[in-house]
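Structural description and commentary
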Amino acid sequence: MKMTWVLQRPFYVIGCLFVWISAARSNRVTLYETLNKDTLSWTTYTSPTNVVENTDGTKTLNIGWVQASFGVDDPQRIFETCNKHVPNVDNWVRTPFIDRRDAISVSIEVKFTMRRCLRLSDPTNLQQCKETFNLYYYEANDDFANDRFPTWDAQTYMLVDKVAADHMFTDQGDELVMNVETRSVTFSTGIKGLYFAFQDEGACVTLMSVRVFYDTCPHLVLNFASFKEVPAGSQVEEYSGVCVPNAVEKDPPTHLCQSSGQWYRQAKGECVCMPGHQGDPERQNCTPCPVNQYKWSEGEG
């Protein structure tokens, strides 16, 4: 999801409909992110029986998701996995509990790298190698999860998406191009938070960073009506405004908050200044008339 700026333009009066394009940008509230953490308190699950007997007598083990560091000057904690030589991989890693706060829906931004499977010469390994991972979520009202519950399976968690990489590397010497994928989840009524989980089925993938956030439509005063900051949902939501001080309602003011966190360009209704008060050109405030002047009726001027 990209943030965009919209230039302010004049509004036009069409009956009780005021057309106005907001210059206010959406506010982004971060609920969780992995950057700048000394360690990631994530929970992992590794398939217990995946062991390959090699021809030289050694064994290849499925080690699952591994926490590591990336970078030298400012190392960041990451999770990586690469068990392409092991069949029937089913490895999971789960975030801590994420409180929803005021969010109606949340977005998760995942930055990751992935290795191509085509460099594998063994047909068996090539067949079981994957170039995707699965993203799931689990709703909860408190932080109750442990290494056994919720159970690690696709029936228990809700699938968000099977995530593929637009950019993949082949050899260790290749330049790594970061993939950035964003997905959204809408909360069920009354739910207080969630966990996100990543399932690996045989890919070579590194989760470079994860961020969970939601957008809000910012506080806005329009047509002498004040609209409070509200969380954006997965669809357009209508909210009522409240008249600013020294103004009264002429037609009920309403405005639409879009999923992007931007107010829709058209607001309905209006408030007008009370007798004895005048409005400013921006239609933001109603102030007392100057000395020796008085406005007898409701209205702007």
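Residues numbered from 1 in each chain as written. Predicted model: local features only at pLDDT ≥ 70, side-chain atom pairs only at ≥ 80, totals over all residues. Heavy atoms only, no water.

**Some details on the confidence of the model for the protein**
Low pLDDT marks stretches whose predicted atomic positions should not be read closely. Keep this limit in mind: pLDDT measures how confident the predictor is about each residue, on a scale from 0 to 100. Residue contacts are defined here by distance: any two heavy atoms, one from each residue, within 4.5 Å place the two residues in contact.
Mean pLDDT over the protein works out to 86, with 83% of the residues at or above the 70 mark. Here residues 1-23 scores under 50 on pLDDT; set against residues more than four positions off or in separate chains, the count is 53 contacts.

**Quick notes on the sheet that holds strand β21 (residues 242-243)**
Rules: Two strands pair if DSSP finds at least two bridges between them. Strands here are runs of E lasting at least two residues and helices are runs of H or I lasting at least four, both read from the DSSP assignment and numbered beginning at the N terminus.
With antiparallel pairing, the three strands of this open sheet are ordered in space as β17-β18-β21. Of all the strands in the sheet, just β17 (220-222) and β21 have a single pairing partner and so form its edges. Both β17 and strand β18 (residues 225-227) contribute to a ladder of three bridges, which runs antiparallel. In the strand pairing of β18, Leu 220 is matched with Phe 227.

**Some words on the pattern of salt bridges**
Opposite charge on two side chains permits them to pair, given that their charged atoms come into close proximity. What counts here: Salt-bridge detection follows one rule: a side-chain nitrogen of Lys or Arg within 4 Å of a carboxyl oxygen of Asp or Glu. The rule is simple: take the accessible area with a 1.4 Å probe, protein chains only, and divide by the maximum for that residue type; under 20% is buried, over 50% is exposed, in between is partly exposed.
Here the structure, examined in full by the defined rule, presents seven salt bridges. Here Glu 270 ties to Lys 250 by a salt bridge, and the two come within 3.6 Å at their closest N and O atoms. Here Glu 270, found in strand β23 (residues 266-273), pairs with Lys 250, found in strand β22 (residues 247-257); they are 20 residues apart in sequence, far enough to count as distant. Glu 270 sits in the buried class, given a relative accessible area of 8%. Between Arg 283 and Glu 270 there is a salt bridge, with the nearest N and O atoms lying 3.3 Å from each other. Of the two residues, Arg 283 sits in the loop between β24 (277-279) and β25 (286-288) while Glu 270 sits in strand β23, which places them 13 residues apart along the sequence. With respect to class, Arg 283 is no different from Glu 270; both count as buried. A cluster of three or more residues bridged by salt bridges with shared partners is formed by Asp 161, Glu 181 and Arg 183.

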